[in-house]
Amino acid sequence: MRWFLFGSFLYFFTGSVKAQSDSVFIRKIADEIFQHSTAYSNLHTLTKTIGPRLSGSSQTYTAEKWGQEALKQAGAERVYLQKAMIPHWVRGGRAQALLITGKNRQSLAVIALGNSVSTKSGGITAPMILIHDFDELERRKNEIKGKIVFYNHPFDVDFVWTFKAYEEAVPYRAYGASRAAKYGAVGALVRSMSSSTDNFPHTGAMIYNDSFPKIPILAVGLQDADKLAATASSEKDPELFISTNAHALPDTVGYNVIGEWKGSEFPDQFITVGGHLDSWDPAEGAQDDGAGCVHSIEVLRALKAIGYKPKHTIRIVLFTDEENGGRGASAYSSEAKLKNEKHIFALESDAGGFTPREFSFKGNESQVALFRKNLPLFAPYGVTSFIMNGAGADVDPLNDSTGALAAELIPDSQRYFDYHHAGNDVFENVNKRELELGAINMAALIYLVDKYGL
Ligand SMILES: [Zn+2]
């Protein structure tokens, strides 16, 4: 009995010493990042000197060069590229739309959705039909022919975690065109995936169903979406004019940019940290996902700067083409499987550079349950919970292909969809301190996973 008591005392004593030394080490990470971080200046270069990085655009390649250099600067021992065939869709200039009521014509803030086809040259004019959801589309399928469908499905404000509202609304962006084309629509307009109060239109990927004619689809800013909805109920026979030259070119070559830091004990076991290098084109891709790229690079820089020696090989991956198909993620996960690589953990930051709140995981729940004892170590820097709610889109396939536990940094989500895929996703809308907190929590997580395993 006494031995038992002594044993448990020893256990608690060494346990708390361990936790104490970890909290001291994480404090060192935080001090290093607050005082010497290059995340913010890296983000400035990526956004202001390279700018939008749509798959297949010339900036894709400038960004790849920048990524290689930034990883070398951060201390990567080996930097290399991994090839992926990526889509090459071009916007072909600005889309236009007009609301036509009688003799009045009002210009609308619109942007073509990624993968949309063009309108016929000179644009299309057709009656507008307001549709709130797919159930209504089905009920009114006989009224759709020859019209432009306007999907007005707002974010549900009751979801405090705004990604849930996005998830619920995004099928209208992704599948709205083909669902409307099935009943003879000639074009579509969709309320932007946002809950902001401004009028920026938000682009994003749409997907055609090859069974139906391909019709053009644009997103409209929220103020103009409200105007359209009001007009639909107050005016008789409103019409829309839409015009876009968007079109797809043949697939082209893109690259994941990878920086490696070799492990001292398990060099053949990998921990991945990443973000995606591509972005939509109306702005600079600062929150989405410049922040995730510079977060990941900063994890490497800071851990090296304070003299950490990893046990496992740490890979920083700047993924290509997350936005328009996830081809970079597929290339990474399938090569890992092909080479039979042992991946223990993969973390992505792709939800913005805001104040960190949580880490979300996908994989073996018992691994996360065991790891949960480390949660108090994160609280001083913002992360207060670990949830099992999926991982970043670029690391999720690695969980499927190798069984690695996958995760994502979840920052505060209230402002993310103000900027997501819109013209205001610029460097100025990223806060330096919030960005650095994200890197601190990620570096702390990587340190603990590397030190103790999973
Ligand atoms: Zn993203």
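Starting from 1, residues in each chain are numbered consecutively following that chain's sequence as written. Local features in a predicted model are, by the rule used here, given only for residues with pLDDT of at least 70; side-chain atom pairs are given and counted only at 80 or more, and totals for whole chains, interfaces and linings are based on all residues. Hydrogen atoms and water are omitted, and side-chain values are computed over all heavy atoms in the structure.

1. Comments concerning the overall build of the chain
Stated precisely, the cut-off is as follows: Strands here are runs of E lasting at least two residues and helices are runs of H or I lasting at least four, both read from the DSSP assignment and numbered beginning at the N terminus. Restricting the calculation to C-alpha atoms gives the radius of gyration, and the globule rule supplies 2.2 Å times the number of residues raised to the power 0.38. Exposed residues in this analysis have more than 50% of their type's maximum accessible area, buried residues have under 20%, and partly exposed residues fall in between, with area computed by a 1.4 Å probe over protein chains only. For this analysis, residues touch if any pair of their heavy atoms sits within 4.5 Å. Computed by Shrake-Rupley with a 1.4 Å probe, the accessible areas treat only the displayed protein chains as cover when residues are assessed. Charge assignment in this entry is limited to Lys and Arg as positive and Asp and Glu as negative, and neither His nor the chain termini are counted. All charge positions are set by atom: Lys at NZ, Arg at CZ, Asp at CG, Glu at CD.
Each helix and strand in the chain was counted, giving 13 helices and 16 strands. A compact globule built from 454 residues should have a C-alpha radius of gyration of about 22 Å, and the chain, at 24 Å, falls within 12% of that. Projected onto its principal axes, the C-alpha positions of the chain cover 90 × 45 × 40 Å. Relative to its 454 residues, the chain shows a buried fraction of 58%. Counting contacts in the chain only where the partners sit at least 6 residues apart, residues at least 24 apart contribute 83% of the total. Carbon and sulfur atoms make up 53% of the accessible area of the chain, which totals about 18800 Å². In the chain, the 46 positive side-chain charges and the 52 negative ones have mean positions that sit 2 Å from each other.

2. Digging into the packing of helix 3 (residues 58-74) against helix 7 (residues 286-305)
Spelled out, the test is: Where helices are involved, their axes are fitted lines through C-alpha atoms of the stretch in contact, as for all axes, and angles between N-to-C directions lie from 0 to 180°. Oblique is the label for every angle not falling under 35 degrees (roughly parallel), over 145 degrees (roughly antiparallel), or within 65 to 115 degrees (roughly perpendicular).
It is the contact of helix 3 with helix 7, at a shortest axis distance of 8 Å, that shows an interaxial angle of 20°. What the angle tells us is that helix 3 and helix 7 run roughly parallel. Taking contact as the criterion, the partners of Trp66, Ala70, Leu71 and Ala74 in helix 3 are, on helix 7, Val294, Ile297, Leu300, Arg301 and Lys304.

3. Section: unusual backbone geometry
Omega for the bond connecting Asp288 with Asp289 falls within 30 degrees of zero, at 0°, which places this linkage in the cis form. Among the secondary structure elements, Asp289 is positioned in helix 7. Within the chain, Asp321 stands out as a residue other than glycine whose phi angle is a positive 55°. Tracing the backbone shows Asp321 in the loop between strand 12 (312-319) and helix 8 (327-338). We note that Asn340 has phi near 55°; this positive angle belongs to a residue other than glycine.

4. Quick look at the nonpolar core
Where a protein is soluble and globular, its nonpolar side chains tend to be buried together. The line we're drawing: What we call a nonpolar core is a set of buried Ala, Val, Leu, Ile, Met, Phe, Trp, Tyr and Cys residues that are connected through their side-chain atoms within 4.5 Å.
Counting 64 residues, the largest nonpolar core has Leu303, Phe345 and Phe359 as its most contacted members. In terms of residues, this core owes the most to one element, helix 13 (residues 432-452), which gives 12 residues. With residues up to four places along the chain from it excluded, the contact list for Phe345 reads Phe270, Ile271, Thr272, Phe361, Ala404, Leu405, Ala407, Leu445, Ile446, Val449 and Leu454. Grouped together as the second largest cluster of nonpolar side chains are 34 residues, Phe134, Phe163, Tyr166 and Ala169 included.

5. A short note on the coordination of the zinc ion
Threshold: Coordinating donors are taken as N, O and S atoms within 2.8 Å of the metal, stretched to 3.2 Å for Na, K and Ca; because water is absent from the atoms, sites can appear incomplete.
In this structure, His276 (NE2), Asp288 (OD) and Asp350 (OD) serve as the protein donors to the zinc ion, at separations of 1.9 to 2.2 Å. Take Asp288: its relative accessible area is 3%, and that puts it in the buried class.

6. Section: helix 13
For clarity, the cut-off: To estimate the expected span of a helix, count its residues, drop one, and scale the result by 1.5 Å. What qualifies as a polar contact is a pair of N or O atoms within 3.5 Å, subject to a donor-acceptor requirement within protein and to the restriction that residues adjacent in sequence count only when both atoms come from side chains.
Compared with an ideal rise of 1.5 Å per residue, which puts 21 residues at 30 Å, helix 13 spans 31 Å between its outermost C-alpha atoms and is within 8% of the ideal. Within helix 13, 17 of the 21 residues are buried, leaving the element largely enclosed by the surrounding structure. The opening residue of helix 13 is Asn431, an N-cap whose side-chain oxygen sits 2.9 Å from the backbone nitrogen of Arg433. Trailing helix 13 by a residue or two, Gly453 shows a phi angle of about 75°, which is positive.

7. Brief notes about the pattern of salt bridges
Stated formally: Whenever a carboxyl oxygen of Asp or Glu lies within 4 Å of a side-chain nitrogen of Lys or Arg, that contact is scored as a salt bridge.
Enumeration over the complete set of coordinates arrives at 25 salt bridges. The partner of Glu298 in a salt bridge is Arg301, and the shortest N-O contact between them spans 2.9 Å. Of the two residues, Glu298 and Arg301 both sit in helix 7, 3 residues apart, roughly one turn of that helix. Glu335 is the salt-bridge partner of Lys339, the closest N and O atoms lying 2.8 Å from each other.

8. With respect to the layout of surface pockets
Test applied: A pocket, in this scheme, is an open set of points on a 1 Å grid over the protein atoms alone with protein on both sides within 12 Å along at least 5 of 7 lines, while a cavity is a set where a 1.4 Å probe fits but cannot get out; residues line either one if an atom lies within 4 Å of a point. Grid points are joined across faces, edges and corners, and a volume is the space filled by probe spheres set on the points. Each residue is assigned to one class: nonpolar for Ala, Val, Leu, Ile, Met, Phe, Trp, Tyr, Cys and Pro, charged for Asp, Glu, Lys and Arg, and polar for all the others, Gly among them.
As a volume, the largest pocket reaches approximately 790 Å³. Those elements that place two or more of their residues in the lining of the largest pocket are helix 5 (162-181), strand 16 (405-411) and helix 12 (416-419). A class-by-class count of the residues in the lining of the largest pocket yields 15 nonpolar, 7 polar and 8 charged.

9. Examining the sheet that holds strand 10 (residues 247-261)
This is how it is decided: Each pair of strands is called paired provided DSSP finds at least two bridges between the two strands.
The sheet built from 8 strands is open, its strands ordered 1-10-12-11-13-16-14-15 with mixed pairing. If you trace the sheet from one side to the other, it starts and ends with strand 1 (78-90) and strand 15 (385-387), each paired once. Put simply, the sheet's adjacent strands are angled 20° from each other on average, direction ignored. Sheet analysis places strand 14 (residues 356-362) next to strand 16, joined by 6 bridges and oriented antiparallel. Its bridge partner lying in strand 16, Glu358 is registered against Ile410.

10. Remarks on the packing of aromatic side chains
Filter applied, for reference: Centres within 6.5 Å are what make two rings of Phe, Tyr or Trp a pair, Trp counting through its six-membered ring; a difference in plane orientation under 30 degrees is then read as stacked, over 60 as edge-to-face, and the rest as tilted.
Under the defined criterion, the tally for this structure stands at 24 aromatic pairs. Arranged with centres 6.3 Å apart and planes meeting at 75°, the rings of Trp89 and Trp280 form a pair that is edge-to-face. Here Trp89 is found in strand 1, whereas its partner Trp280 is found in the loop between strand 11 (266-276) and helix 7, with 191 residues between them in sequence. Summarising the burial analysis for this pair, Trp89 and Trp280 share the class buried. Seen from their ring centres, Phe134 and Tyr151 are 5.7 Å apart, and the 75° between their planes marks the pair as edge-to-face. Taken together, the residues span a long stretch of sequence, with Phe134 in helix 4 (residues 134-139) and Tyr151 in strand 6 (residues 148-151) at a distance of 17 residues. With respect to burial, Phe134 and Tyr151 carry one shared label: buried.

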